[in-house]
Amino acid sequence: MFENVQIAPPDPILGLTELFKADPNPDKINLSVGVYQDSNGKTPVLDTVKVAEKKILEQENSKSYLPMTGEPAYCAQVQELLFGEGHEIITSKRAATAQCPGGTGALRVAGDYLNMVHPGAKIWLSNPTWANHNTIFEAAGLTCEKYDYRDPATNGLDFDAMCASIKMIPKGDVILLHGCCHNPTGIDPTPEQWATIGDLLVENGVLPLVDFAYQGLAVGVEEDRAGLLELTKKVKQMLICSSFSKNFGLYRERTGALTVVGDSVEQASTVMSQVKLRIRYNYSNPPSHGGQIVATVLGDKELRAKWLDEVADIRNRINSMRHLFVKTLKDKGVEQDFSSIIEQCGMFSFSGLTKEQVDQLREKYSIYIVGSGRINVAGMTPDNMDRLCEAIKSVL
Ligand code: LMR
């Protein structure tokens, strides 16, 4: 059976991590995968996570299966974080949440649900989008289409082109929107633009699927839900895939969720009954540990406040690197304008570096950047900035 199997191509993001790990250069810099590093280049475990884990270790008394939709206390915290305490969607119970293995797991479950229950519905992805979106949805059997997003001339949002694309999406299709900190560009619509997007989706009968993996990394945990809340004012039905990889640093614990918002409690629970089947066919029920950590931290007033401070530290460090990067390039006499990077938010920005320049950076300087030119700003540190900017100058 295996004689004729061809070797698979490396993953455009995680494949680079494998190369990075194998690189013996002690000065290597990893700006590829979206993982936060502190100013010492380490990916820390948050203090609040350590406290929660200690409590869990003492109190946990069973390793029996979780329900297919995960731990109810975790799902309730997910909804509160998405919509805010006391939001109408929560009080009217017209949202149903399933704990999933990471944001990726949530996206795949959503893709399977769409393919099985809404056959023929296509999914529209921003151009560009996270390199794994296409492959997740294609693996689930969906057809992916593109809508306009980034204006290459300004490295900002081309909102007119985005709206024109949305108007062309046929009724019954699905659009994937990035809740905040757009991956890979770092460019987000304003709340007013979100409201317009909501109007267009209602007019056209298009279902939004919001990928919300970076809440807290743009302006703040509460502020970052502004776009989603604008959308909820217009659109009554949606899917939301969220993740605690970045804002809790729980990458390897695979802690995410799929939330269904319906017109009514009955509708949300009917859709969730279908989602549950896709979960059962995929992995049966989710892993527990990450969800317990999140529920423990968010369910404790003091720990929650400390966690908000930790998220602020992460956000502020990334933003300070955006400024230092642009300034250092300028100080070194680089003429190309990188200033739009300061306006962008979250972990990523589009650098405008070409594939050839990215290859040179890796081959000559052991600097790892995704082929599209996306840089993980959270991998920059005050110590590696000089070397990074020198190298970029030399390949430009
Ligand atoms: C990224 O975009 O780098 C992250 O979301 C990690 C991943 O799985 O690709």
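Just so it is clear, the model here is predicted, and its values are computed rather than measured.

**Student:** Outline a nonpolar patch on the surface, supporting the account with residue identities and numerical values.
**Tutor:** A cluster of nonpolar side chains, contributed by M1, F2 and V5, occupies part of the molecular surface with about 470 Å² of accessible area. Looking at where F2 falls in the secondary structure, it is placed in the segment before α1 (14-22).

**Student:** Lay out the packing of helix α12 (residues 301-331) against helix α15 (residues 385-395) with the relevant residues and their values.
**Tutor:** Helix-helix packing: each pair is described by the crossing angle between the helix axes and the interaxial distance. For the pair α12 and α15, the least separation of the axes is 10 Å and the interaxial angle reads 50°. In terms of orientation, α12 and α15 fall into the oblique class. Of the two elements, α12 crosses α15, and the hand of that crossing is right-handed. Packed against α12, whose contacting residues are M321, L324, F325, T328 and L329, the element α15 presents M385, D386, L388, C389 and I392 at the interface.

**Student:** I'd love a proper account of the packing of helix α11 (residues 289-298) against α12, names of residues and values included.
**Tutor:** Between α11 and α12, the least distance of the axes is 6 Å, while the angle of their chain directions is 105°. By the angle class used here, α11 and α12 are roughly perpendicular. In contact with T296, V297 and L298 of α11, α12 contributes L303, R304 and W307. For the contact of α11 with α12, the per-class residue count stands at 4 nonpolar, 1 polar and 1 charged.

**Student:** Please provide a residue-by-residue account of the domain arrangement of the protein chain, values included.
**Tutor:** When the domains of the protein chain are assigned, the result is domain 1 (14-44 + 312-395) and domain 2 (65-299). Here the C-alpha centroids of domain 1 and domain 2 sit 28 Å apart. Taken together, the contacts link 17 residues of domain 1 with 21 residues of domain 2. At the boundary of domain 1 with domain 2, total buried surface from both sides reaches about 1500 Å², with 56% on carbon and sulfur atoms. Linking domain 1 with domain 2 are 0 salt bridges. Across the contact surface, domain 1 and domain 2 share 9 residue pairs in polar contact (both at pLDDT 80 or more). Listed by contribution, the elements that provide at least two residues to the side of domain 1 that touches domain 2 are α12 and β11 (348-350). The dominant element in the side of domain 1 that touches domain 2, judged by the number of residues it contributes, is α12, at 4 residues. Class assignment for the residues of the side of domain 1 that touches domain 2 results in 8 nonpolar, 7 polar and 2 charged.

Cut-off values and rules
Think of each chain on its own: its residues are numbered from 1, step by step along the sequence as written. Note on the predicted model: pLDDT of at least 70 is required for a residue's local features to be given, and 80 or more for side-chain atom pairs to be given and counted; whole-chain, interface and lining totals, by contrast, use all residues. Side-chain figures throughout are based on the complete set of non-hydrogen atoms in the structure, without hydrogens or water. A residue counts toward a patch only above 30% relative accessible area and without a salt bridge, and it is joined to like-charged neighbours within 9 Å or, for Val, Leu, Ile, Met, Phe, Trp and Tyr, to nonpolar neighbours within 5 Å. For the accessible areas, the method is Shrake-Rupley and the probe is 1.4 Å, while residue cover comes only from the protein chains on display. Whenever a carboxyl oxygen of Asp or Glu lies within 4 Å of a side-chain nitrogen of Lys or Arg, that contact is scored as a salt bridge. By definition, any uninterrupted DSSP run of H or I lasting at least four residues is a helix, any uninterrupted run of E lasting at least two residues is a strand, and each is numbered from the N terminus. Where helices are involved, their axes are fitted lines through C-alpha atoms of the stretch in contact, as for all axes, and angles between N-to-C directions lie from 0 to 180°. Note on terminology: angles under 35 degrees are roughly parallel, angles over 145 are roughly antiparallel, angles of 65 to 115 are roughly perpendicular, and the others are oblique. Working rule for handedness: look at the near helix, and if it is turned counterclockwise from the far one by less than a right angle, call the crossing left-handed; if clockwise, right-handed. Note on contacts: a residue pair is in contact if any heavy atoms of the two residues lie within 4.5 Å. For this classification, the nonpolar set comprises Ala, Val, Leu, Ile, Met, Phe, Trp, Tyr, Cys and Pro, the charged set comprises Asp, Glu, Lys and Arg, and every other residue, Gly included, is treated as polar. An automatic or database domain assignment provides the domain bounds reported here. Buried area is a sum: the accessible area each of two parts loses on coming together, probed at 1.4 Å, counted once for each and added. N or O atoms within 3.5 Å of each other form a polar contact, as long as, within protein, one can give a hydrogen and the other can take it, and as long as residues adjacent in sequence are counted only when both atoms are side-chain atoms.

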